[in-house]
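# Structural characterization, general
The chain contents come next:
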Amino acid sequence: MCGIVGYTGTQQATPILLDGLNRLEYRGYDSSGIAIVNDKEIEIMKIKGRLRELERITEGVSPIGTTGIGHTRWATHGGPSNENAHPHYSRDKSFAVVHNGIIENYLEMRDFLSERGFSFRSETDTEIVAMLLEYYYEGDVLDAIIKMRNKIKGSYALGIVHRGESDAIYALRKDSPLVIGLGEGENFIASDIPAALPYTRKFIIPDENEIALITPDNVTIYNRNKEQIQKPVTISDLSVADAEKDGFPHFMLKEIHEQSGAIRKTVHDRITPDGIRLDRIKLDGSKIRKIFVVACGSAYHAGVVGKYFIEKYARLEVETDLASEFRYRDPIVGPDCLTIIISQSGETADSLAALREAKRRGSRVLAIVNVVDSSIAREADDVLYTRAGLEIAVATTKGYTTQVAALCLLGLKLARDRETITQELYDELLYELKQTPETLARFIDDVSNVAQHLAGKYYTASDAYFIGRGYDWAAALEGALKLKEISYIHAEAYAAGELKHGTISLIEKNSLVIGIATEPTLLEKTLSNIKEVRSRGAAVIGITDAPDSIGAECDDLIVLPSGNSAFSSLFTAAALQLFAYYIAAARGGDIDKPRNLAKSVTVE
Ligand code: G6P
């Protein structure tokens, strides 16, 4: 969702802001803009469309100044347009503001301001922030910000510049991400660390209710009482190379290929000769009555794999929930439950709200998160980092598979603690999990050509149905999501046993069905479902580690290495990611930044 950058230093701000915005492109956006402040005025340039549009209109005429803020907007209030693009001026142009989040009481604030003679240039919720700042300003910007903040409700990361303060940016946040990058004689703000990585690896992460005043030589943080406070400096372990394509045509393909290394980092040093070690995580499996696994999107699909795995081996009841449902449905969660929140970004608004709801009800919260120090990581009681590294493509790949691997680790740990599996089986599964990265690397190399070939055959399909049972159903959910996200082909996943309850009526000659069959005990059942769709004319791609059992009933096959079905989901995921990728490539889509989607959904 919206991306924010800010720069104050000695260099011209525009190129640095444009570079930062380019590095945040993956967050998803439909317009962009910059505001540069100098001694006399604030100059804003903004435009609907891709960043190349902003580059075009600023080329040769970019505003002069060494302090500025920039923004990529993902439309919420008001469609994508030049007027609705950020930054937004206050009425007299003394303030300019960029915002990520939603001001929920903006209609009320509009009325409040209209009654006081303010009128608006855009349909956005953000503009009221700029207007309120002007309304409350009496010579001290910090005071104006505090008064404005007391007036607004909702979520926000805000970057603010003020006319006449040509070396200052003000920033604050609530429920939306924002980091402050520390350079030498220059400082930055950004929604995400990658935007400032070419300039610094030192960051401060402001907390809610804090206001940052950023100048070229100083970053001062004030608490809610306007007292200066000290904040720790975090050194990021990301590098500029992590944010580059490294010879791959797309970040998505690069990240698919990074999966085995990422899973290795997730599991390897946590599997010791004495079993699984999850440092600093307080887990007492014997005291947990029930686990809630709560997440959005692909992270939710990883949770479904986790549910099957934990229930099977740790014999603990697991309920999976979409965060957007959990947070409003009055869940029966309390101190005898463990709530697991899964999130790659650690910033998803619904997942963060679900975390707070679970904590409010007394549940201990364990976060399975990729981005270090993200909001979800910071607010959870315990964190199991997935260590996938920087993921840039909107459609998650290594983010998802590392979540599955982390859940398997956790499930095995619980199973051992609760003595619900034998030492022998535990050792066997751990051994297999530890071997997975290596096998997966070989598999990805081998299956790429197969996926490309199948994509060439099926890329004109208008619908695709993914079916499977158990872990294979979970894998089907993720496979269908991958395909629709980046290829725009309508795709649905069904538990294979549900087909006959309606969906089979959609199957006709040449319908594309992807049948996943890796669970030995369910193979025969899924095979029957494959036969049912095939006899109605469907073209079936089978994904299995038992080609002899189902091969004859499929038009095409993707053969997985044999092994535990839970771990097979990792292989199925990789195969289906590649299938979706090559189909999208054949159809000519914007693979890393699919239309309407955002990498990190920071508003509900
Ligand atoms: C967005 C992304 C998905 C992701 C979901 C949850 O929709 O495009 O790839 O699965 O958010 O994100 P999270 O960061 O919480 O895992």
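Definitions and limits used
- Residues numbered from 1 in each chain as written.
- Predicted model: local features only at pLDDT ≥ 70, side-chain atom pairs only at ≥ 80, totals over all residues.
- Heavy atoms only, no water.
- Helix = DSSP H or I, 4+ residues; strand = E, 2+ residues; numbered from the N terminus.
- Contact = heavy atoms within 4.5 Å.
- Near = heavy atom within 4 Å.
- Polar contact = N/O pair within 3.5 Å; in protein donor to acceptor, adjacent residues only side chain to side chain.
- Areas by Shrake-Rupley, 256 points an atom, 1.4 Å probe, with all protein chains shown as cover.
- Pairing = 2+ DSSP bridges.
- Axes fitted to C-alpha atoms, helices over the stretch in contact; angles between N-to-C directions.
- Phe/Tyr/Trp six-rings, centres within 6.5 Å; stacked < 30°, edge-to-face > 60°.
- Lys NZ or Arg CZ within 6 Å of the ring centre and 35° of its normal.
- Buried < 20%, exposed > 50% of the residue type's maximum accessible area, 1.4 Å probe, protein only.
- Core = buried A, V, L, I, M, F, W, Y, C linked by side-chain atoms within 4.5 Å.
- Arc of directions from axis to C-beta.

### So, the environment of Ile 64
Within the secondary structure, Ile 64 sits in the loop between helix 2 (51–58) and strand 4 (67–73). Spatially, the C-alpha atoms of Ile 64 and Ile 276 are 57 Å apart, while their sequence positions differ by 212 residues. Apart from the residues lying within four places of it in its own chain, the contact partners of Ile 64 are Gln 12, Ile 36 and Asn 38.

### Things to note about the site of the ligand
Of all residues adjacent to the ligand, which total 14 residues, the nearest are Ser 298, Ser 343, Gln 344, Ser 345 and Thr 348. A distance of 3.0 Å separates an oxygen atom of the ligand from a polar atom in the backbone of Ser 298. Ala 598 is positioned with one of its backbone polar atoms (N or O) 3.1 Å from an oxygen atom of the ligand. About the coverage of the ligand: the protein hides 91% of its 380 Å² of free accessible area. Top element by residues in the shell around the ligand is helix 8 (residues 297–314). It accounts for 3 residues.

### Here's the deal with the sheet that holds strand 10 (residues 187–190)
Reading across the sheet, the 8 strands line up as 3-2-4-1-10-9-11-15 and stay open at both edges, with antiparallel pairing between neighbours. Two strands lie at the open edges of the sheet, namely strand 3 (42–48) and strand 15 (234–235), each paired on one side alone. The pairing of strand 11 (residues 202–204) with strand 15 spans 2 bridges and is antiparallel. By the bridge assignment for strand 15, Phe 203 is matched with Thr 234. Of the strands in this sheet, strand 2 (31–37), strand 3 and strand 4 are in contact with helix 2, which crosses strand 3 at around 135°.

### A short note on the packing of aromatic side chains
Here the structure, examined in full by the defined rule, presents 12 aromatic pairs. Over the aromatic face of Phe 120 sits the side chain of Arg 110, whose NZ or CZ is 4.4 Å from the ring centroid. Sitting over the ring of Tyr 488, Arg 595 keeps its end group 3.8 Å from the ring centre.

### Digging into the pairing of strand 12 (residues 211–214)
Where burial is concerned, the two faces of strand 12 agree: the one with Ile 211 and Leu 213 and the one with Ala 212 and Ile 214 are both buried. When strand 8 (residues 169–174) meets strand 12, the two strands line up antiparallel, connected through 4 bridges. Looking at strand 12, one finds that Leu 172 is bridged to Ile 211. Here strand 12 pairs with strand 13 (residues 219–222) via 4 bridges, running antiparallel. Each bridged residue has a counterpart across the sheet, and for Ile 211 the counterpart in strand 13 is Tyr 222. The hairpin formed by strand 12 and strand 13 contains 4 residues between the paired strands.

### Overview of the sheet that holds strand 19 (residues 317–322)
Taking strand neighbours across the sheet as the criterion, the 5 strands line up as 19-18-20-21-22 in an open arrangement whose pairing is parallel. Both outer strands of the open sheet, strand 19 and strand 22 (382–385), are each paired with one neighbouring strand and no more. Direction aside, the axes of adjacent strands within the sheet are offset by 20° on average. Pairing geometry for strand 20 (residues 337–343) and strand 21 (residues 364–369), over 6 bridges, is parallel. Residue pairing across strands places Ile 340 opposite Leu 366, the latter belonging to strand 21.

### Quick look at the nonpolar core
Most often, soluble globular proteins keep nonpolar side chains buried together rather than apart. Core analysis: the largest hydrophobic core is formed by 125 residues, its most contacted members being Ile 291, Ile 340, Leu 412, Leu 414, Phe 466, Ile 514 and Ile 558. Take this core: its biggest share by element is 15 residues, from helix 17 (residues 565–587). What Ile 514 contacts, discounting residues up to four positions off in sequence, is Ala 464, Tyr 465, Phe 466, Ile 467, Ile 541, Ile 543, Leu 576 and Phe 579. The next biggest cluster of nonpolar side chains, apart from the first, holds 31 residues, and it includes Ile 103, Val 129, Met 131 and Ile 145.

### Things to note about helix 2
Taken residue by residue, helix 2 has Leu 51, Leu 54 and Thr 58 as its buried positions. Relative to the axis of helix 2, the buried residues are bounded by an arc of 55° and lie together on one face. Looking at the buried side of helix 2, the elements it contacts are helix 1 (13–23), strand 2, strand 3 and strand 4. Of the residues one or two after helix 2, Gly 60 is the one with positive phi, at around 80°.

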